[in-house]
Amino acid sequence: MRNKTLRTNGMPWFLSLPSRAFKRGHTNKTAPADSTPWLLSLPALALFLGLLVVPLALTAILSFNAFDGMRGVQPGYTPGSYIEILSDGYYHELFLRTGAMSLGTTIICMAVGVPETLILAKMRPVWQGTFFVVILGPLLISVVVRTLGWSILLGRQGMVNSALLSLGVVDRPTQLMYTMTGVIIVLTHVLMPFMVIAVWTALQKLDTQVAHAARSLGAGPVTTFRRIILPQLMPGILSGAIIVFTLAASAFATPAIIGGRRVKVVTTAIYDEFLSSLNWPLGAAIAMLLLLGIVFVVVGSNRLVERRFKQVFT
Amino acid sequence: MSKLSLRGLSKTYGGSFQAVRCLDLDVESGEFLSLLGPSGCGKTTSLQMVAGFVPPTAGTIVVDGQDMTHIAPERRDMGVVFQSYALFPHMTVAQNIGFGLEMRKIKGAQLRDRVEGALAMVRLSGLESRYPRELSGGQRQRVAIARVLAIRPRVMLLDEPMSNLDAKLRSEMHVELRALQRRLGITTILVTHDQLEAMTMSDRIAVMANGCIAELGSPQEIYDTPTSEFAFRFLGQTNVITGRISSRNDGTASVLVGQTSFPAEIGRDHVGTDVKLFVRPERLRIGAADEGNVKGRVTTRLFLGGLWFYEIDTDIGQLRVTTPNQGAVQPTEGEIVGIRWNDGDLQIIAPEVAHA
């Protein structure tokens, strides 16, 4: 049903244009007409180059600049910053902590987001609309307002602690502010919509009769979900997990406000190097390593899951 | 080999919409029964209730004396072939077919044998390790059938299984599936809106309209002697002629149509009542202008390959006529012809059931 030819044929015209232009270039001599697609994509290309590629390249160059505590950034090039990061246990811990935070957030988002989406899909249309707004809510509020709101909730006298105390779960207020737990709670809240949207999209593509087929062949509801539904949702869950992991690893405001000085992660360390220590090359080097780390994790997990669930992805 | 009984089965949605009303039906052991009807007549809802996907509002489903009404679909031992085939895209053909067997705790060599057996039945041997997306539409459909045959279900339910196949493949599958069903003796219910499909495959057909069975019988019975106007109009083509009862003598009456009167079997109607007469286009014969029961002018002549189709304006209204193409010279448009029929070909449907 969804074979390769169909997909290329079904591509929007603006995506298929350049390849058509190439093909024509071989057989036809009308060269000026061929530049039209490129001219049309020029504004977007300029934006992409100017706002992403150039700053990234500048950061990469900066990370190789020499640095002197007294005189600031020096003209020469040296891998000194990288050597400093790779040889210092402090930075290792920083990266491991960031990885743990992102992984924890991703796992909780998966564990909560998948059932949440399944329940959402079973609701009547009216309730579906309402709960979609509730779920997407965190994205509609400014990051600072939302995070400060959470810091009120999570404080020692906050609502979360008073609820836990009155329910008898704890005898004295638990420390949530300036802890990893607090950071993960808040990150999960704000990143959940991405998981829900990704799983929702995969769920919409599912043939509802497939579940019926499994039931009529003798599989109970649990087996049907585990063997039939879940494998088909894997592409959605994976793309949701990648988005959540990436955004969690590069989140700044939440770890800065909820984690504070005590839970220092890579992004807050970069901020400190740039604005407190003024060691720009070191900050740039940490940033480049964070980027590489995220790319590595995303590509690696993508490969792994894609191989495992090859048939669902095509 | 199982007998299926539906007693007073009904489904009401949202408190008011009656999708199925009081369905009473017995499917004999090894019988092939079709639920035939236009879309929205409740046939798919009926099938889903039998399969256990939709809980009935009232009524019972009994298989071999065992009440199945409130039993979960996975414990009903019914095999369903879906319109979309509903194959598991992440499993190979062999895994798809083996899934039902696995759920029945059949393992190892026995599982392999039964998967191979089912594949051989649908003539797909050798495709075990393919994935559904690597198969053609016809092959996917065969896998869906094999998946059901492998579990040897008590009842096989077919939900418009042929509607995604092209016409030629569809007619081949009709013959093949029918032969397979006969050989295995599986009690089968087919849901379809395709009357040709229902007629070629079924032992009996239940024509459904507005959530009820309007007509039940063998394909020939419901085509030749339907008891409702709905069935007459829904199955094949028909001519409707209005006449008036001019005289009657016990069961037989004379019906006046235009200037001529015809004898017809009649119910309780009185002399002077207007009645509708039904006649199939293939029962009318075209002859010379001065012979036959009525005379008319050919307004349309269409060539359909095996048949000629005519529309002829007569004193008793426009009549549609088909004649087999036997190579003879046919009347052309504008020609005056006579139309003949045998007395028994004109049928009257009693007005008290003609509203169905």
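What you see is a predicted model, and the numbers here were worked out from it, not measured in a lab.

Considerations on the overall build of chain B
So, step 1. A count of helices and strands for chain B gives eight helices and 20 strands.
So, step 2. Counting across all 356 residues of chain B, residues that qualify as buried make up 50%.
So, step 3. If you take every contact in chain B between residues at least 6 apart in sequence, the share linking residues at least 24 apart comes to 65%.
So, step 4. For chain B, the accessible area works out to roughly 15,900 Å², and carbon and sulfur atoms hold 50% of it.

Quick look at the environment of A:Leu103
Residues and elements named next belong to chain A.
So, step 1. By the element assignment, Leu-103 lies in helix α6 (residues 89-122).
So, step 2. The partly exposed category is assigned to Leu-103, whose relative accessible area is 47%.
So, step 3. Taking the C-alpha atoms as reference points, Leu-103 and Phe-252, 149 residues apart in sequence, are found 16 Å from one another.

A word on the confidence of the model for chain A
Residues and elements named next belong to chain A.
So, step 1. Residues of chain A with pLDDT of at least 70 account for 88%, and the chain-wide mean is 86.
So, step 2. For chain A, per-element mean pLDDT is lowest for helix α1 (residues 4-9), which scores 38, and highest for α6, which scores 95.
So, step 3. Note on residues 1-28: pLDDT is under 50 here. Beyond four places in sequence and across chains, it has nine contacts.

Let's talk about the packing of helix α8 (residues 143-154) of chain A against helix α10 (residues 180-204) of chain A
All names here are of chain A.
So, step 1. Across the interface, α8 lies against α10 with an axial gap of 11 Å and an inter-helix angle of 135°. By the criterion of interaxial angle, the relationship of α8 to α10 is oblique. Classified by chirality, the crossing of α10 by α8 is right-handed. Within the contact between the two elements, α8 uses Arg-146, Trp-150 and Leu-154 and α10 uses Gly-182, Ile-185, Val-186, His-189 and Val-190.
So, step 2. Here the residues of the contact of α8 with α10 are counted per class, giving five nonpolar, two polar and one charged.

Considering the interface of chain B and chain A
So, step 1. At the junction of the two partners, chain B supplies 26 residues and chain A supplies 22 residues.
So, step 2. When chain B packs against chain A, close to 2,200 Å² is buried across both sides, 59% of that on carbon and sulfur atoms.
So, step 3. A per-residue breakdown of the area chain B buries against chain A is headed by B:Glu74, B:His90 and B:Arg133, which together make up 26% of the total.
So, step 4. Between chain B and chain A we count two salt bridges in total.
So, step 5. Linking chain B with chain A are six residue pairs in polar contact (both at pLDDT 80 or more).
So, step 6. Elements supplying a minimum of two residues to the side of chain B that touches chain A: β6 (78-81), α2 (93-103) and α4 (137-150) of chain B.
So, step 7. By residue number, the principal contributor to the side of chain B that touches chain A is α2(B), which donates four residues.
So, step 8. Looking at the side of chain B that touches chain A residue by residue, the classes come out as 15 nonpolar, four polar and seven charged.

Quick notes on the nonpolar core
So, step 1. With 74 residues, the main nonpolar core has B:Leu4, B:Leu6, B:Leu35, B:Phe88, B:Ile97, B:Phe99 and B:Leu157 as its most contacted residues.
So, step 2. Ranked by residue count, the leading element in this core is α4(B), at seven residues.
So, step 3. Contacts of B:Leu4, omitting those with residues within four sequence positions, involve B:Leu25, B:Asp26, B:Val27, B:Val50, B:Ile61, B:Val62, B:Val63, B:Met78 and B:Ile189.
So, step 4. One finds A:Leu94, A:Cys109, A:Val114 and A:Ile286 within the second-largest nonpolar core, a separate group that totals 55 residues.

Remarks on the sheet that holds strand β4 (residues 58-63) of chain B
All names here are of chain B.
So, step 1. Strand order in the open sheet formed by four strands is β2-β1-β4-β5, and the pairing between neighbours is antiparallel. Each edge of the open sheet is held by one strand with a lone partner, namely β2 (17-27) and β5 (66-67).
So, step 2. As defined by bridge partners, β4 adjoins β5 across two bridges and the pair is classed as antiparallel. From the neighbouring strand, Val-63 faces β5, where its bridge partner is Gln-66.
So, step 3. The strands touched by helix α1 (residues 43-51) are β1 (4-13), β2 and β4; relative to β1, the strand with the most contacts, the crossing angle is about 115°.

As for the pattern of salt bridges
So, step 1. The final tally for this structure, using the stated rule, is 23 salt bridges over all chains.
So, step 2. Of the charged contacts, one joins B:Glu102 and A:Arg227 as a salt bridge, the two residues approaching to 2.8 Å between their closest N and O atoms. With B:Glu102 in helix α2 and A:Arg227 in helix α12 (residues 221-249), this residue pair bridges two chains.
So, step 3. The residue A:Lys264 makes a salt bridge to A:Asp272 at a minimum N-O spacing of 3.1 Å.
So, step 4. Each of B:Lys3, B:Arg7, B:Asp26 and B:Glu28 takes part in one network of salt bridges that share partners.

A closer look at helix α5 (residues 80-87) of chain A
All names here are of chain A.
So, step 1. All buried positions along α5 are accounted for by Ser-81, Tyr-82 and Ile-85. The arc that holds every buried residue of α5, seen down its axis, measures 95°, which confines them to one face. Along α5, exposed side chains directed more than 90 degrees from the buried face belong to Ile-83 and Ser-87.
So, step 2. Where the residues of α5 are buried, they touch β1 (65-68), α6 and α15 (280-308).

Things to note about the packing of aromatic side chains
So, step 1. Under the counting rule described, the total for this entry stands at 11 aromatic pairs over all chains.
So, step 2. Ring geometry for A:Phe252 versus A:Tyr271: centroids 4.9 Å apart, planes at 40°, classification tilted. In this pair, A:Phe252 is assigned in the loop between α12 and α13 (253-259) and A:Tyr271 in helix α14 (residues 266-275), connecting sequence segments 19 residues apart.
So, step 3. Residue A:Tyr271 is classed as partly exposed on the basis of its relative accessible area, which comes to 40%.
So, step 4. Taken together, a centroid distance of 5.5 Å and an interplanar angle of 10° make the contact between B:Phe230 and B:Phe234 stacked. In this pair, B:Phe230 and B:Phe234 are both assigned in helix α8 (residues 229-234), four residues apart and thus about one turn of the helix distant.

What counts as what
- Residues numbered from 1 in each chain as written.
- Chains lettered and ligands numbered in written order.
- Predicted model: local features only at pLDDT ≥ 70, side-chain atom pairs only at ≥ 80, totals over all residues.
- Heavy atoms only, no water.
- Helix = DSSP H or I, 4+ residues; strand = E, 2+ residues; numbered from the N terminus.
- Buried < 20%, exposed > 50% of the residue type's maximum accessible area, 1.4 Å probe, protein only.
- Contact = heavy atoms within 4.5 Å.
- Areas by Shrake-Rupley, 256 points an atom, 1.4 Å probe, with all protein chains shown as cover.
- pLDDT = per-residue confidence, 0-100.
- Axes fitted to C-alpha atoms, helices over the stretch in contact; angles between N-to-C directions.
- Parallel < 35°, antiparallel > 145°, perpendicular 65-115°, else oblique.
- Left-handed = near helix turned anticlockwise from the far one by under 90°.
- Nonpolar A, V, L, I, M, F, W, Y, C, P; charged D, E, K, R; others polar.
- Buried area = accessible area lost by both parts, 1.4 Å probe.
- Salt bridge = Lys/Arg side-chain N within 4 Å of Asp/Glu carboxyl O.
- Polar contact = N/O pair within 3.5 Å; in protein donor to acceptor, adjacent residues only side chain to side chain.
- Core = buried A, V, L, I, M, F, W, Y, C linked by side-chain atoms within 4.5 Å.
- Pairing = 2+ DSSP bridges.
- Arc of directions from axis to C-beta.
- Phe/Tyr/Trp six-rings, centres within 6.5 Å; stacked < 30°, edge-to-face > 60°.

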